Amino acid sequence: MKKTCTTIILAFLLPLATAAQAKPAAAPAPAPGAAQRYIEMIASAEPLQSAQIGVFAIRMNGDTVASYRPIAKRTPASNTKLITTGAAIRVLGSDYRFRTGIGTTGSLEQDGTLHGDVYIIGGGDPTLGSKDSIATNTDALFGQWRSMLLKAGIKKIDGRVIGDGRWAEGPSERGSWLYEDIGTYYGAGSNGLSFYRNIKDFQVSAGAKPGDPLTIVQGYPDTPWMKYTYNCATGEKGTGDKLFLYTTDVAPVAVLRGTFGVDRKTKKVECSNKYGAYTCASYFTSYLKAKGMAVTGGAADIDETGKIRTRPGTASGEAAAVSDSVKILGSTLSPSLKRIAYITNQRSDNFYAEALWRAIGKKLRGSASYDSCAVAINDAFKSMGLNPYSGVFLEDGSGLSRKDGISPAFMCSFLKNMLDSTSAEDFVGTLTQPNVGSQAGRMRNEPAEIRARVWYKSGSMDGVRCYSGYITPTDGGKEDTIVFSVMVNAYTGPNWKIMGQIDKIIALLAAEN
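Quick caveat: nothing in here was measured; it's all calculated off a predicted structure.

Inspection of every chain in the model, using the stated rule, returns 19 salt bridges. A salt bridge links arginine 174 to aspartate 371, with the shortest nitrogen-to-oxygen separation between them at 3.1 Å. Separated by 197 residues along the polypeptide, arginine 174 in the loop between β8 (161–164) and α5 (179–182) and aspartate 371 in helix α9 (residues 370–383) bring together distant segments of the chain. Of the charged contacts in the structure, one is a salt bridge between lysine 267 and aspartate 241, with a shortest N-O distance of 2.8 Å. Of this pair, lysine 267 sits in strand β14 (residues 267–272) while aspartate 241 sits in strand β12 (residues 241–247); the two residues are 26 residues apart in sequence, bridging distant segments of the chain. According to the relative accessible area criterion, aspartate 241 is partly exposed, its value standing at 24%. Via salt bridges that share partners, Asp132, Arg197, Arg347 and Asp349 belong to a single interconnected network.

Moving on: the sheet that holds strand β17 (residues 314–319). Within the open sheet, the seven strands sit side by side as β17-β16-β15-β8-β6-β3-β18. Their pairing is mixed. In this open sheet, the two strands that pair with only one neighbour each are β17 and β18 (327–333). Adjacent strand axes in the sheet meet at a mean angle of 25 degrees, parallel and antiparallel pairs treated alike. Pairing geometry for strand β15 (residues 299–302) and strand β16 (residues 307–311), over two bridges, is antiparallel. Looking at β16, one finds that isoleucine 302 is bridged to isoleucine 308. Where helix α4 (residues 138–151) meets the sheet, it contacts β3 (99–104), β6 (118–121) and β18, and its direction lies at approximately 155 degrees from that of β18. The strands touched by helix α6 (residues 276–290) within the sheet are β6, β8, β15 and β16, with β15 carrying the most contacts at an inclination of about 155 degrees.

Another aspect to go through is the pairing of β15. In β15, alternate side chains face the same way, and those of Ala299 and Asp301 on one face and Ala300 and Ile302 on the other are all buried. Examined bridge by bridge, β8 and β15 share three bridges and lie parallel to one another. Each residue of the ladder has a partner; that of isoleucine 162, found in β15, is alanine 300. Turn length for the β15-β16 hairpin, with the two strands adjacent in sequence and antiparallel, is four residues, and the turn residue glycine 306 shows positive phi of about 90 degrees.

Packed helices, taken two at a time, are described by their axes: the angle between them and the distance between them. Where helix α7 (residues 337–347) meets helix α8 (residues 350–365), the closest approach of the two axes is 8 Å, and the angle between their N-to-C directions is 135 degrees. Regarding the angle of α7 to α8, the classification is oblique. Read as a crossing pair, α7 and α8 show a hand that is left-handed. Judged by residue contacts, Leu337, Ile340, Ala341, Ile343, Thr344 and Arg347 of α7 engage Tyr352, Ala353 and Leu356 from α8. Along the lines of polarity and charge, the residues of the contact of α7 with α8 split into seven nonpolar, one polar and one charged.

Conventions used here
Residues numbered from 1 in each chain as written. Predicted model: local features only at pLDDT ≥ 70, side-chain atom pairs only at ≥ 80, totals over all residues. Heavy atoms only, no water. Salt bridge = Lys/Arg side-chain N within 4 Å of Asp/Glu carboxyl O. Helix = DSSP H or I, 4+ residues; strand = E, 2+ residues; numbered from the N terminus. Buried < 20%, exposed > 50% of the residue type's maximum accessible area, 1.4 Å probe, protein only. Pairing = 2+ DSSP bridges. Axes fitted to C-alpha atoms, helices over the stretch in contact; angles between N-to-C directions. Contact = heavy atoms within 4.5 Å. Parallel < 35°, antiparallel > 145°, perpendicular 65-115°, else oblique. Left-handed = near helix turned anticlockwise from the far one by under 90°. Nonpolar A, V, L, I, M, F, W, Y, C, P; charged D, E, K, R; others polar.

This is the structure:
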């Protein structure tokens, strides 16, 4: 974490300063209420007049700075991740780690032959096989798993390597997600045992003219069990990437539909892989064979009825071993939840957010099914002293569902609660700032002094733009910090104009602090 970030976070936790330190001269602050007047002005004209806008900004001491329709729920998009990461830190702890176990069934001969199966027992770790800097390198991870087998005396597996994702019950995606989203990398869905963030890469090149076929080459990871059909073509100039993979975990088939603009350069297109557990088992099987350990039965996974599948879409009819009959040889751990939450908010990673969401359900309700998670998040709100039946309704942890609803007032109550908690530093440390990283260009025309005092998270989808977070004071301490939430839904104007207006609202709020 950057030194400036740490310094400001620590300032949050200090008591109100008894005397302001000398500071460099700043531009005169606008008249009191400038933010409120600006919000009311832009809300009375297009493109926001026919949209749904809600704003709330309040100091930690309870003083309201700005308010416009604050109690109506809005579609929050990725602002939902503020709730998910914060609740996960509170419920599970910043140092929580997902656990992946290696176990065996059957008997072991003196010559080192295991007459049984090896189970990779998933525990929800979203980083397995990913390329993220926080993740364990795949070869190193597989090396640890292999060492567990060797330590147990196993030299040959007369059976299968089974990917066991039963830690998370039910489908890997929420039913209210858009059909076209489910096949994208951001709609991959989290489950008990994943691999490479459940993504499948394709390299796509446009044809010479609109209507021509695309050149599509399958990339990593290798999924030979899948049947891909390409019902897509080169699109008109300026139409961009409009490709969507339509897929399911019901059968190993998928169709790539849509267009790819004729003026687009060759691009890696990331789509979802609905067979993360099988992919993990397949790659570990190949690793073991390359290291000289035979696996006669190949890879397998477990379907939602608890039956072993030696190939996706084809259940053997054989029931998977119950947990008590699996001999656990050892386990590996994920990076800390604090580090996963940081990536979740910095990159606005849906896959990581859903993993945290399901872990909350597992902890509080004993189940990582989506229905249980929706109840568990309300349990978390109650434990924080928040009313889960006023101003919030959540279907998922990432904000991909358009059924999600959060009011600016509830968001501010949640953020205030987090800042008053012992988890404040870890939580605020996951946020970003204007004109930094993913927020490059935001508020770039505002003074650097103002940008440096804003810590927030964005949320966007078609017709939705939301920003929520904190504004530290020029003078003073935590009690003067502004907690804010700006949510705009159902707008039809250009994105640049909406974003400019939101930037201005935040800048005016900061100028009043």
